[in-house]
Amino acid sequence: MPEMRHDPIQKRWVVIATERGNRPSQFLRPKGNWREDTNPFLEGNESMTPPEIYAVRKKGTKPDTPGWQVRVVPNKYPALKIEGNLDRAAMGQYDKMNGVGAHEVVIETSNPDEDITDLSLDDAILVTKTYRERLTDLMKDKRFRYVLIFRNHGTLAGASQPHPHTQIIATPVTPLTISIELQSAKDHYHAKERCLFCDIIAQELRENRRIIAQNDRFIALSPYASRFPFEICLLPKHHAHDFREISNDDLIDFTRLLQDTLRRIRIGLDDPPYNLMIHTAPNTGSDTPRPSYWNTIKYDWHWHVEIIPRLTDVAGFEWGTGLFINPTSPEQATEFLRGIQLG
């Protein structure tokens with residue numbers, strides 16, 4: 001069973017998951033060296049994964065057989081495990097609990113060489129719709145406080161499997177990064193009775209210096225204080241706090257702009273490794289709700305996507321101070337990405 005331990009100095013939880021050290025070395029092979037008989041995500045190799053949780057399938061096909069377009073399975077080497085109780089406990093100055101959660105893999109396509117940027121819009125929507133469906137289902141578990149949807153593209157970004165996929169991890173705590181964002185949004189709303197993210201979007205639309213691309217419902221921009229070169233934030237233009245509530249119409253525009261943005265990165269930066277994270281609202285229906293906090297979350301929080309190309313290394317200064325040195329201004333990055341011809 002994984003274990004979660006709390007650091008009282010940094011005020012963050014850490015997952016101790018020694019079983020993940022048992023991942024086979026084959027998962028570290030670079031793209032191009034995979035054989036059909038060793039790729040567990042390939043259509044026809046369904047027996048190599050745990051039984052599927054969810055799938056978009058061709059009519060008449062059975063679970064865990066060929067004939068799927070998108071397939072969701074439990075991670076074979078999960079960071080957190082679905083079974084068990086939290087069993088919170090004190091250890092002197094420390095706190096710990098069982099590593100209870102969920103760890104799923106969204107296999108985005110049956111074609112190992114077809115990234116989400118290569119899919120047709122309709123097929124890509126099946127992927128983002130799967131995000132919404134799995135998020136909705138996992139939030140029904142009252143043990144989970146937060147669910148993170150994230151995509152690691154490339155070995156240097158942490159992808160241990162070259163077949164295009166997304167991961168979903170549900171945790172029994174709200175991660176520190178999310179907590180800081182939630183608190184900032186709450187403080188802004190309580191001071192001004194406006195959403196912080198909506199105010200930022202309004203300013204960026206007025207200035208038009210850091211907007212990379214946009215459509216009727218969504219906007220992709222370079223954050224004013226970007227930590228990394230070509231860091232991107234993608235947000236709904238209208239106020240929306242929970243990705244679970246995204247409509248089918250909004251899902252179309254979201255997927256279209258997501259593909260547009262990732263294509264600009266791939267073409268302009270020579271397909272770099274990157275990390276993509278969807279920051280949505282925490283689970284307000286968890287076993288340990290915080291009524292005083294959740295009173296305004298529907299109004300102060302604004303879900304968004306962060307995309308971080310892995311073009312520079314985080315070194316001693318960054319780790320030691322929490323300050324980031326970005327050699328490319330967000331304005332320079334925006335100008336470059338805007339000029340990419342997508343064809």
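For the structure, check the block above.
Note that the structure is predicted; figures quoted are calculated from it, not measured. (Residues numbered from 1 in each chain as written. Predicted model: local features only at pLDDT ≥ 70, side-chain atom pairs only at ≥ 80, totals over all residues. Heavy atoms only, no water.)

(A) Spotlight on the sheet that holds strand β4 (residues 68–74). With antiparallel pairing, ten strands are arranged side by side in an open sheet as β3-β4-β7-β9-β8-β13-β14-β12-β11-β10. With partners counted over all chains shown, the strands left at the sheet margins are β3 (54–57) and β10 (211–214), one partner each. In this sheet, neighbouring strand axes are inclined to one another by 15° on average, regardless of whether the strands run parallel or antiparallel. Examined bridge by bridge, strand β11 (residues 218–221) and strand β12 (residues 232–236) share four bridges and lie antiparallel to one another. Counted as the bridge partner of Ile219 is Leu235 from β12. On top of the sheet, helix α2 (residues 176–192) reaches β8 (146–153), β13 (274–279) and β14 (304–309); it is set at about 50° to β13, its chief contact. Helix α8 (residues 330–338) contacts β10 and β12 of the sheet and is inclined by roughly 40° relative to β10. (Pairing = 2+ DSSP bridges. Helix = DSSP H or I, 4+ residues; strand = E, 2+ residues; numbered from the N terminus. Axes fitted to C-alpha atoms, helices over the stretch in contact; angles between N-to-C directions. Contact = heavy atoms within 4.5 Å.)

(B) Looking closely at the packing of helix α1 (residues 121–138) against helix α4 (residues 248–268). In contact at an axis separation of 9 Å, α1 and α4 are set at 115° when each is read in the N-to-C sense. Our classification of the angle between α1 and α4 gives roughly perpendicular. Where α1 crosses over α4, the two elements pack in a sense that is right-handed. Taking contact as the criterion, the partners of Leu121, Ala124, Ile125, Thr128, Lys129 and Arg132 in α1 are, on α4, Asn248, Leu251, Ile252, Phe254, Thr255, Arg256, Leu258 and Gln259. Of the residues belonging to the contact of α1 with α4, the class tally is seven nonpolar, four polar and three charged. (Parallel < 35°, antiparallel > 145°, perpendicular 65-115°, else oblique. Left-handed = near helix turned anticlockwise from the far one by under 90°. Nonpolar A, V, L, I, M, F, W, Y, C, P; charged D, E, K, R; others polar.)

(C) Here's a closer look at the pattern of salt bridges. Enumeration over the complete set of coordinates arrives at 21 salt bridges. Linking Arg143 and Asp141 is a salt bridge whose minimum nitrogen-to-oxygen distance equals 2.8 Å. Residue Arg143 is classed as buried on the basis of its relative accessible area of 19%. For the salt bridge of Arg227 with Glu306, the shortest nitrogen-to-oxygen distance reads 3.3 Å. One end of the pair, Arg227, is in the loop between β11 and β12; the other, Glu306, is in strand β14, with 79 residues separating them in the sequence. Of the residues examined, Arg227 reaches a relative accessible area of 27% and is grouped as partly exposed. Connected through shared salt-bridge partners, Glu52, Arg57, Asp64 and Arg71 make up one network. (Salt bridge = Lys/Arg side-chain N within 4 Å of Asp/Glu carboxyl O. Buried < 20%, exposed > 50% of the residue type's maximum accessible area, 1.4 Å probe, protein only.)

(D) Spotlight on the environment of Ser120. As for its position among the elements, Ser120 is in the loop between β7 (102–107) and α1. Ser120 sits in the partly exposed class, given a relative accessible area of 38%. For the pair formed by Ser120 and Arg256, sequence separation is 136 residues and the distance between their alpha carbons is 9.7 Å.

(E) Looking closely at the pairing of β7. With six of its six residues buried, β7 lies for the most part within the structure. Alternating residues of β7 divide into Ala102, Glu104 and Val106 and His103, Val105 and Ile107, and every residue in both groups is buried. With four bridges joining them, β4 and β7 adopt antiparallel strand pairing. Within β7, the residue paired with Pro74 across the bridge is Glu104.

(F) Looking closely at the packing of aromatic side chains. Across all of its chains, the model carries nine aromatic pairs by this definition. Aromatic pair Phe218 and Phe254: ring centres 5.6 Å apart, planes at 55°, arrangement tilted. Within this pair, whereas Phe218 is found in strand β11, its partner Phe254 is found in helix α4, the two being separated by 36 residues in sequence. Both residues of the pair, Phe218 and Phe254, belong to the buried class. Ring pairs connect the aromatic residues Phe218, Phe243, Phe254 and Trp303, which therefore count as one cluster. (Phe/Tyr/Trp six-rings, centres within 6.5 Å; stacked < 30°, edge-to-face > 60°.)

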